[in-house]
2 protein chains.
Amino acid sequence: MATAARALAPSPPAVHERLYRALRTRIMLGELPPGRALTLRGIAAEERVSMTPAREAVRRLVAEGALTLSASGRVSTPALSVERIEELAALRALIEPELASRALPRAHFALIDRLAAINTAIGEAAQNHDAVGYIRTNLEFHRTLYLRAQAPAMLAMLETIWLQLGPTMRAVYQRMRRNEAPRHHRMILAALRAGDEPALRLAVRTDVTQGLRHLLPAPADAGR
Amino acid sequence: MATAARALAPSPPAVHERLYRALRTRIMLGELPPGRALTLRGIAAEERVSMTPAREAVRRLVAEGALTLSASGRVSTPALSVERIEELAALRALIEPELASRALPRAHFALIDRLAAINTAIGEAAQNHDAVGYIRTNLEFHRTLYLRAQAPAMLAMLETIWLQLGPTMRAVYQRMRRNEAPRHHRMILAALRAGDEPALRLAVRTDVTQGLRHLLPAPADAGR
DNA sequence: GCGGCCCTGATGTGATCACAAGGCGGGCAT
DNA sequence: ATGCCCGCCTTGTGATCACATCAGGGCCGC
């Protein structure tokens, strides 16, 4: 695709692609608060281009659920309802253990070492109270593992879920004043080293549901 | 959203929305073969509009994986690799039992009766060798059940998976000369009537994997 | 003081144009 | 006859414009 083409020849990527990447990153990392309004002309002016590519980038992000359109077509980051957050968390809890399980047979030492290093970076971001850094390294931890699953369609679907949760994530990690990396990450690493598939599934699933539990009101059946 | 607005006032929906719906339906029902090339000007001319709304509709469908862009930006329906089909089938097998399970507590008699009626229609389409009709009624069966789960985000994600499988589905149902509705649908109905949640999950999961097994080469570990 | 109404400016939508890239076919050389 | 090359013409991209819609603020009347 476009990425590969750019890797071969340094031809500038299409403008709408660049806008898309930029917005997508900002949204996924939680740099935009939920409910933040955006305008096509504003996005376009920011990069000194016309509205056309801005429209295309926004349309694409809306299709992925990263942005929402009001009835009159105004664009904003989504302000998720509790029910929707619960659904998205449940989807993560379904897909991520599956990806981890598929990655397990291919997880050699070098990968586990890299995951451990990323986990250290997560801890540093947590100590610095760097919310964006925390989200970015946390996602990098998961993505690095799941890339080994060799399941691009699943990973793509999962990333759109992360994307939808992006603006909300920021609120989560600001609320919980965390000082260290998620404790379940160590369990994930241990299960990977041991080649223990059930333990890995459980650790991943718990990591996901723990991370989002803070957003759900009643801790009643959050783990159903 | 736009649908609700249209329901209140019969104002015509936005052109790009209309194009999107039309294309989406044709793709999901398998009316377009895999690898079919489309052009923005062609889509636009078909409905006597300019390229702009056609571009938006296509961009949206590309974001959902319903269409693919070649390196030079040409648009076509995706020709899925076997690996990708397996991934999408696995995603269906993860998400659909969950949706069925969530729908179970809300599944009253009227719903089960309606599902049985739809199932009859599936059988009729099968006997008439009506591939598009078969796919449409089959999806309607599943969607009708899952709508009761009150999980719009999950259902939306699932529909994008169906969408990606659309062009390929056509090939499946032409290959297997089926004469009746999927046999697991009866098991789904029975589990719903009995309120048996594990049986329902199993029946749904089996229905999904059986339906797509014909596309996978070696029947070795398709059900892993 | 306050609530409702109207107007204006901002915003999204669709059409049209200019341009660059590339696919495909015809034509030429061997 | 066949293979290659070149040029045309289709195709996607970005810019610009006209227009309908609507949100928000100011103004008037109570």
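In this text the structure is predicted, and so the values were computed from the model without any measurement. (Residues numbered from 1 in each chain as written. Chains lettered and ligands numbered in written order. Predicted model: local features only at pLDDT ≥ 70, side-chain atom pairs only at ≥ 80, totals over all residues. Heavy atoms only, no water.)

**With respect to the sheet that holds strand S1 (residues 37-38) of chain A**
Residues and elements named next belong to chain A.
(1) Moving on: The 3 strands are arranged S1-S3-S2 in an open sheet whose pairing can be described as antiparallel. The open sheet has two edge strands, S1 and strand S2 (68-69), and neither has a second partner.
(2) Moving on: Pairing analysis gives 2 bridges linking S2 to strand S3 (residues 75-76), with the strands arranged antiparallel. Each bridged residue has a counterpart across the sheet, and for leucine 69 the counterpart in S3 is valine 75. (Pairing = 2+ DSSP bridges. Helix = DSSP H or I, 4+ residues; strand = E, 2+ residues; numbered from the N terminus.)

**A look at the pattern of salt bridges**
(1) Moving on: Within this structure, the stated rule accounts for 28 salt bridges over all chains.
(2) Moving on: One salt bridge in this structure joins arginine 55 of chain A and glutamate 56 of chain B, with 3.4 Å as the shortest N-O distance. Here arginine 55 of chain A is found in helix H4 (residues 51-63), whereas its partner glutamate 56 of chain B is found in helix H4 (residues 51-63) on a different chain.
(3) Moving on: For arginine 55 of chain A, a relative accessible area of 29% gives the class partly exposed. (Salt bridge = Lys/Arg side-chain N within 4 Å of Asp/Glu carboxyl O. Buried < 20%, exposed > 50% of the residue type's maximum accessible area, 1.4 Å probe, protein only.)

**Thoughts on the confidence of the model for chain A**
Low-confidence regions, as indicated by low pLDDT, have predicted coordinates that should not be scrutinised in detail.
Residue and element names in this part refer to chain A.
(1) Moving on: For chain A, the average pLDDT comes to 89, and 91% of its residues sit at 70 or higher.
(2) Moving on: pLDDT under 50 marks residues 1-9. Its contacts with residues more than four places away, or in other chains, come to 3 contacts.
(3) Moving on: Counting contacts from residues 219-224, a segment whose pLDDT is below 50, to residues more than four positions away or on other chains yields 5 contacts. (pLDDT = per-residue confidence, 0-100. Contact = heavy atoms within 4.5 Å.)

**Regarding the relation of the copies chain B and chain A**
(1) Moving on: Under the fitted operation, chain B is carried onto chain A by 0.0 Å of movement along the axis and a turn of 180°, and the coordinates agree to an RMSD of 0.0 Å. What we have between these two chains is a two-fold relation. For chain B, the minimum C-alpha distance to the rotation axis belongs to arginine 60 of chain B and amounts to 2.7 Å.
(2) Moving on: Of all interface residues in chain B, 100% are interface residues in chain A too; the two copies therefore contact each other through one and the same surface. (Least-squares fit on C-alpha atoms with pLDDT ≥ 70 in both.)

**Thoughts on the side chain of arginine 92 of chain A**
Residue and element names in this part refer to chain A.
(1) Moving on: Looking at where arginine 92 falls in the secondary structure, it is placed in helix H5 (residues 82-103).
(2) Moving on: Judged by its relative accessible area of 6%, arginine 92 falls in the buried class.
(3) Moving on: Sequence-distant contacts of arginine 92, defined by excluding residues within four places in its chain, comprise Pro97, His142, Leu158, Ile161, Trp162, Leu165, Met169, Val208 and Leu212.

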